[in-house]
Amino acid sequence: MSATDRLPLLIDTDPGVDDAWALLMAFASPAHEVLGLTITAGNVGLEHTVRNALKLCEVAGVDAPVYPGCAVPLVFPAEDAAYVHGRDGFGDTGYLAPTRTADVEHAALAMIRFSHSHPGLLLVCLGPLTNLALALRLDPTLPSRIGRLVVMGGAVTGQGNTSVSAEFNIAFDPEAAHIVFEAFPAFDLVDWEAVLRHGLPHAEVEAWLDAATPKAAFYKAISQRTREWSEGRRGTHWHSADGLAMAAALEPEAATGWHRHAIEVETGGRLARGATIVDWADRSGRPAKARILAGLRPERFRHWLRLALA
């Protein structure tokens, strides 16, 4: 496949250990051209997520531009996930600082610009949706130039990972998620409960991370804390939320099924702020914009995860 045939891909992300594996997957795809990384706060603060994105590009040997975005949610403050990812988001390994710096253009403006220069691009959002919501407020015509939007977020039957009913990315900035879900005529959603259905044995993942490659060694180091945390709380399987979303984005044919329904985000609930409410019975009459991943072929998921470390 020639460079001109590759599908343009823009990734909005908050690296984060599982974001890192997903980004390595995208970098390794022969069918996609990573235009850039737009960065938001989420797993940890923006200073760290930008630095982590730059470092991961360096480790992978790619020169994708990195665009810093929103340091806080649109309206209300939110807690990060440093207790899972480490204070720096990459396991507090003390890695050497990246040698290059981020772009000066704001992430939201970069999104708009790339939508004009590469109409029909694939946009994958792996973190809170703050940057995309801001871009939509600046340019409401943006969805018309996005070929496909894939969002990692939500807990479509209320089995959350941040609260009883909410998943982290949506709960971090529910107002932003509401803006995005209302603005796009259609989007693909890979939710937390799909992630739980696609767990991988820790022993298998650890064997992959013993591969004699710089990417595997780097990922093994930054993920050690998170893998230990996961094994102590979620049992024998490792769950790569952003990896699953990226696999579904890179190879939609690998999906075993999708559910298409209307979806709304709870922004004001005392018990359910950030919950993603799916109209499973199609009662509301609202447009069924969300295509929710039912499953992904396990062998293809493993293919992409292993390719990322090669």
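Residues numbered from 1 in each chain as written. Predicted model: local features only at pLDDT ≥ 70, side-chain atom pairs only at ≥ 80, totals over all residues. Heavy atoms only, no water.

**What about the environment of Val278?**
- Position of Val278 relative to the elements: it lies in strand β11 (residues 276-278).
- With 145 residues separating them along the chain, Val278 and Ala133 place their C-alpha atoms 20 Å apart.
- In this structure Val278 touches Val156, His261, Ala262, Ile263 and Ile292, once residues within four positions along its chain are discounted. (Helix = DSSP H or I, 4+ residues; strand = E, 2+ residues; numbered from the N terminus. Contact = heavy atoms within 4.5 Å.)

**Observations concerning the sheet that holds strand β3 (residues 66-68)**
- Within the open sheet, the eight strands sit side by side as β3-β2-β1-β4-β5-β6-β12-β9. Their pairing is mixed. Looking at strand neighbours, the two that pair on one side only are β3 and β9 (255-261), the edges of this open sheet. Looking at each pair of strands side by side, their axes are set apart by 25° on average, direction ignored.
- Note that strand β2 (residues 32-39) and β3 share three bridges and pair parallel. Residue pairing in the sheet places Ile39 in a bridge with Pro68 of β3. (Pairing = 2+ DSSP bridges. Axes fitted to C-alpha atoms, helices over the stretch in contact; angles between N-to-C directions.)

**Side note on the packing of aromatic side chains**
- In the structure shown here, the tally under the stated rule is eight aromatic pairs.
- For the pair Tyr95 and Phe218, a centre-to-centre distance of 6.1 Å together with 65° between the ring planes defines the contact as edge-to-face. Note that Tyr95 is positioned in the loop between α3 (82-85) and α4 (107-117) and Phe218 in helix α10 (residues 214-234), a separation of 123 residues in sequence.
- Judged by relative accessible area, which is 9%, Tyr95 ranks as buried.
- The class of Phe218 is buried, set by a relative accessible area of 13%.
- Aromatic side chains Phe181 and Phe187 sit 4.6 Å apart centroid to centroid with 15° between the ring planes, which places their arrangement in the stacked category. In this structure, Phe181 and Phe187 share a single accessibility class: buried.
- Aromatic rings pair up to connect Trp21, Trp208 and Tyr219 into one cluster. (Phe/Tyr/Trp six-rings, centres within 6.5 Å; stacked < 30°, edge-to-face > 60°. Buried < 20%, exposed > 50% of the residue type's maximum accessible area, 1.4 Å probe, protein only.)

**Considerations on the nonpolar core**
- Ranked by internal contacts, the top residues of the largest apolar core, which has 60 residues, are Ile11, Trp21, Met25, Leu37, Tyr219 and Met246.
- With nine residues, helix α1 (residues 17-28) is the single largest residue contributor to this core.
- In this structure Met246 touches Ile11, Ala22, Met25, Ala26, Val124 and Leu126, once residues within four positions along its chain are discounted.
- With 36 residues, the next largest nonpolar core counts Ala108, Ala135, Ala177 and Ile292 among its residues. (Core = buried A, V, L, I, M, F, W, Y, C linked by side-chain atoms within 4.5 Å.)

**Focus: the environment of Asp14**
- Within the secondary structure layout, Asp14 lies in the loop between β1 (7-13) and α1.
- Along the backbone, Asp14 and Asp173 are 159 residues apart, and their C-alpha atoms lie at a distance of 13 Å.
- Those residues in contact with Asp14 that lie beyond four places of it in its chain are Asp19, Thr40, Ala41, Gly42, Asn43, Thr49, Leu126, Gly127, Pro128, Phe168 and Asn169.
- Polar contacts involving the side chain of Asp14 include one to the main-chain amide nitrogen of Asn43, which spans 2.8 Å. (Polar contact = N/O pair within 3.5 Å; in protein donor to acceptor, adjacent residues only side chain to side chain.)

**As for empty space enclosed by the protein**
- Taken as a whole, this structure holds one cavity of 30 Å³ or more when the rule is applied.
- By volume, the largest cavity is sized at about 40 Å³.
- Phe181, Phe187, Ala262, Ile263, Arg286, Pro287 and Lys289 together form the lining of the largest cavity.
- Taken together, the residues of the lining of the largest cavity sort by class into five nonpolar, no polar and two charged. (1 Å grid on protein atoms, 1.4 Å probe; cavity = no way out; pocket = protein on both sides within 12 Å on 5 of 7 lines; lining within 4 Å. Points joined across faces, edges and corners; volume = space filled by probe spheres on them. Nonpolar A, V, L, I, M, F, W, Y, C, P; charged D, E, K, R; others polar.)

**A word on the confidence of the model for the chain**
- When the pLDDT values of the chain are averaged, the result is 95; 98% of them are 70 or greater.
- Considering each helix and strand of the chain separately, the mean pLDDT is smallest for α10, with a value of 84, and largest for strand β4 (residues 121-125), with 99. (pLDDT = per-residue confidence, 0-100.)

**Some thoughts on the pairing of β4**
- Of all five residues in β4, five are buried, a share of seventy percent or more.
- Inspection of the sheet shows β4 paired to strand β5 (residues 146-152) by five bridges, in the parallel sense. Opposite Cys125, over in β5, you have Val151 as the bridge partner.
- Since β4 and β5 lie parallel, the crossover through helix α5 (residues 130-138) that links them has a hand, and here it is right-handed. (Right-handed = clockwise from strand over helix to strand, strands pointing away.)

**Notes on the packing of α4 against α5**
- Running from N to C, α4 and α5 point in directions that differ by 65°, and their axes come no closer than 8 Å. The two elements α4 and α5 cross, and the hand of that crossing is right-handed. Contacts from Ala107, Ala108, Leu109, Met111 and Ile112 in α4 reach Asn131, Leu132, Leu134, Ala135 and Leu138 in α5.
- Taken together, the residues of the contact of α4 with α5 sort by class into nine nonpolar, one polar and no charged. (Left-handed = near helix turned anticlockwise from the far one by under 90°.)

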